[in-house]
Amino acid sequence: MTTPLCETRDLWVSANGKEILRGVDLIVDKGEWHALMGPNGAGKSTLAKVLMGDPTYTVTRGKVFFEGEDITRLPSNDRARRGMFLSFQHPEQIPGVKVVNFMQIAMSHRQNIDLSMFEVRLALMEKMRELNIDNSFMDRHLNVGFSGGERKRHEILQMSLLSPHLVILDETDSGLDVDALRVVSDGITAFQKDSPQTGGIIITHYKRILQHIRPTHVHVLVEGRIIASGGFELAAQIDTHGFERYLASERVSP
Ligand SMILES: Nc1ncnc2c1ncn2[C@@H]1O[C@H](COP(=O)(O)OP(=O)(O)OP(=O)(O)O)[C@@H](O)[C@H]1O
Ligand SMILES: [Mg+2]
């Protein structure tokens, strides 16, 4: 048996006295893309943030493994250096920090070398051309005044430049118009092709983006537990019927 890329084992998580995750078991292997679906408030973003080591959340039981190592207590910057990448559902605005400055720090941290501004600008320019992002974008301040579409493209840009081993995308498709969705989906599929060893967890409410990304697995998270897993057909079922049947089965389960 090979070591999974990432694994949560009976993961229980609380924040501010509220129990949010209640025994999540998830295994993501290299090259697999797992879609995580579920109603609002189910705990999807919490799982994403806990995987990334957000200190707001307390792991009360269970463990998180990455590339065979127990990282349950590892700080988030060490996780980033090891190749975990999360695009947030609600990214922070950071006035005073330009996209290019941020990428210089993030890329240098990830590669463990000091990249020059020139190297970073060149790398950014090439990717931005692919993603249809204007050159002036790299001198804008991080997430300040970004439109929904710009924010999402920016996430794909970061992902493509940081060569992650595990990518977690939290609602990258929300609020995008059809053209922006196409650019973002194309960006992700190009990334999948370039990085066949990289695994992904993609949180979404919609089948639409999954039609492009074609997840190998689909999971339904309800009230802090994965209550159904399957393939793409599960996403299609949810799209047609909603979560009602899963909510009902959750209520009758012990
Ligand atoms: N830091 C926190 N302190 C207290 N409660 C929290 C905290 N973070 C999340 N929660 C609660 O945990 C639950 C799960 O939140 P989470 O953001 O993980 O849901 P989600 O599945 O991502 O929902 P959505 O689909 O709306 O994005 C919610 O009830 C939320 O209010
Ligand atoms: Mg969320």
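Basis of the calculations
- Residues numbered from 1 in each chain as written.
- Chains lettered and ligands numbered in written order.
- Predicted model: local features only at pLDDT ≥ 70, side-chain atom pairs only at ≥ 80, totals over all residues.
- Heavy atoms only, no water.
- Axes fitted to C-alpha atoms, helices over the stretch in contact; angles between N-to-C directions.
- Helix = DSSP H or I, 4+ residues; strand = E, 2+ residues; numbered from the N terminus.
- Parallel < 35°, antiparallel > 145°, perpendicular 65-115°, else oblique.
- Left-handed = near helix turned anticlockwise from the far one by under 90°.
- Contact = heavy atoms within 4.5 Å.
- Nonpolar A, V, L, I, M, F, W, Y, C, P; charged D, E, K, R; others polar.
- 1 Å grid on protein atoms, 1.4 Å probe; cavity = no way out; pocket = protein on both sides within 12 Å on 5 of 7 lines; lining within 4 Å.
- Points joined across faces, edges and corners; volume = space filled by probe spheres on them.
- Near = heavy atom within 4 Å.
- Polar contact = N/O pair within 3.5 Å; in protein donor to acceptor, adjacent residues only side chain to side chain.
- Areas by Shrake-Rupley, 256 points an atom, 1.4 Å probe, with all protein chains shown as cover.
- Pairing = 2+ DSSP bridges.
- Salt bridge = Lys/Arg side-chain N within 4 Å of Asp/Glu carboxyl O.
- Buried < 20%, exposed > 50% of the residue type's maximum accessible area, 1.4 Å probe, protein only.

Caption draft 1: Representation of the packing of helix 4 (residues 117-130) against helix 5 (residues 148-161) in the model. In the contact formed by helix 4 and helix 5, the axes pass within 10 Å of each other and the chain directions differ by 125°. Here helix 4 is positioned oblique relative to helix 5, judged by the angle of their axes. As for the relative orientation of helix 4 and helix 5, their crossing is right-handed in sense. In this structure, helix 4 contributes Ala-123, Leu-124, Lys-127 and Met-128 to the contact, and helix 5 contributes Leu-157, Ser-160 and Leu-161. Residues belonging to the contact of helix 4 with helix 5 are distributed by class as follows: five nonpolar, one polar and one charged.

Caption draft 2: Summary view of the layout of surface pockets. If you add up the space inside the largest pocket, you get close to 1100 Å³. Lining of the largest pocket is provided by 42 residues; of these, Met-52, Leu-86, Phe-88, Phe-102 and Gln-158 occupy positions nearest its centre. Looking at the lining of the largest pocket, the elements that each hand over two or more residues are helix 1 (44-51), helix 2 (76-82), strand 6 (84-87), helix 3 (99-111) and helix 5. Among the elements that line the lining of the largest pocket, the one with the most residues is helix 3, at five residues. Partitioned by chemical class, the residues of the lining of the largest pocket number 18 nonpolar, 15 polar and nine charged. Empty space within the second largest pocket amounts to approximately 180 Å³. Gly-53, Asp-54, Tyr-57, Thr-72 and Arg-79 are the residues nearest the centre of the second largest pocket, which is lined by 13 residues in total. A total of three residues in the lining of the second largest pocket trace back to one element, the largest contributor, which is strand 4 (residues 58-66). Its residues assigned to classes, the lining of the second largest pocket shows seven nonpolar, three polar and three charged.

Caption draft 3: Just the site of ligand 1, in detail. Looking at ligand 1, there are 17 residues lining it, with Asn-16, Gly-41, Lys-44, Thr-46 and Tyr-57 nearest. The side chain of Asn-40 places a nitrogen or oxygen atom 2.9 Å from an oxygen atom of ligand 1. In this structure, an oxygen atom belonging to ligand 1 sits 3.5 Å away from a side-chain N or O atom of Glu-171. For ligand 1, the accessible surface in isolation is 640 Å², of which the surrounding protein chains cover 72%. For the shell around ligand 1, the secondary-structure elements that each account for two or more residues are strand 2 (18-28) and helix 1. Ranked by residue count, the leading element in the shell around ligand 1 is helix 1, at three residues.

Caption draft 4: Structural detail: the sheet that holds strand 2. If you trace the four strands from one edge of the open sheet to the other, you get 2-1-4-5, paired in antiparallel fashion. Either end of the sheet is taken by a strand with one partner, and the two such strands are strand 2 and strand 5 (69-70). Running at roughly 115° to strand 1 (residues 6-15), helix 1 makes contact with strand 1, strand 2 and strand 4 of the sheet.

Caption draft 5: Fine view of the sheet that holds strand 10 (residues 199-203). Reading across the sheet, the six strands line up as 6-9-10-3-11-12 and stay open at both edges, with mixed pairing between neighbours. Of all the strands in the sheet, just strand 6 and strand 12 (225-230) have a single pairing partner and so form its edges. Within this sheet the neighbouring strands show an average axis-to-axis angle of 20°, counted without direction. Of the pairings in the sheet, the one linking strand 3 (residues 33-37) to strand 11 (residues 217-222) comprises four bridges and is parallel in character. Across the sheet, Ala-35 pairs through a bridge with Val-218, a residue of strand 11. Sheet strands in contact with helix 5 are strand 6 and strand 9 (166-170), and its direction is about 175° off that of strand 6.

Caption draft 6: Representation of the pattern of salt bridges within the structure. One pass over the structure, following the stated rule, counts ten salt bridges. Where Arg-121 meets Asp-139, a salt bridge forms, and the shortest distance between an N and an O atom there is 2.9 Å. Residue Arg-121 is found in helix 4, and its partner Asp-139 is found in the loop between helix 4 and strand 8 (141-142); the two are separated by 18 residues along the sequence. Classification of Arg-121 as partly exposed rests on a relative accessible area of 29%. Looking at Asp-139, the relative accessible area reads 32%, which means it is partly exposed. Taking the shortest distance from any N to any O, the salt bridge between Lys-127 and Glu-130 comes out at 3.2 Å. Taken as a pair, Lys-127 and Glu-130 lie in helix 4 at a separation of three residues, close to a single helical turn. On the basis of relative accessibility, which here comes to 17%, the residue Lys-127 falls in the buried class. Assessed through its relative accessible area of 51%, Glu-130 is described here as exposed.

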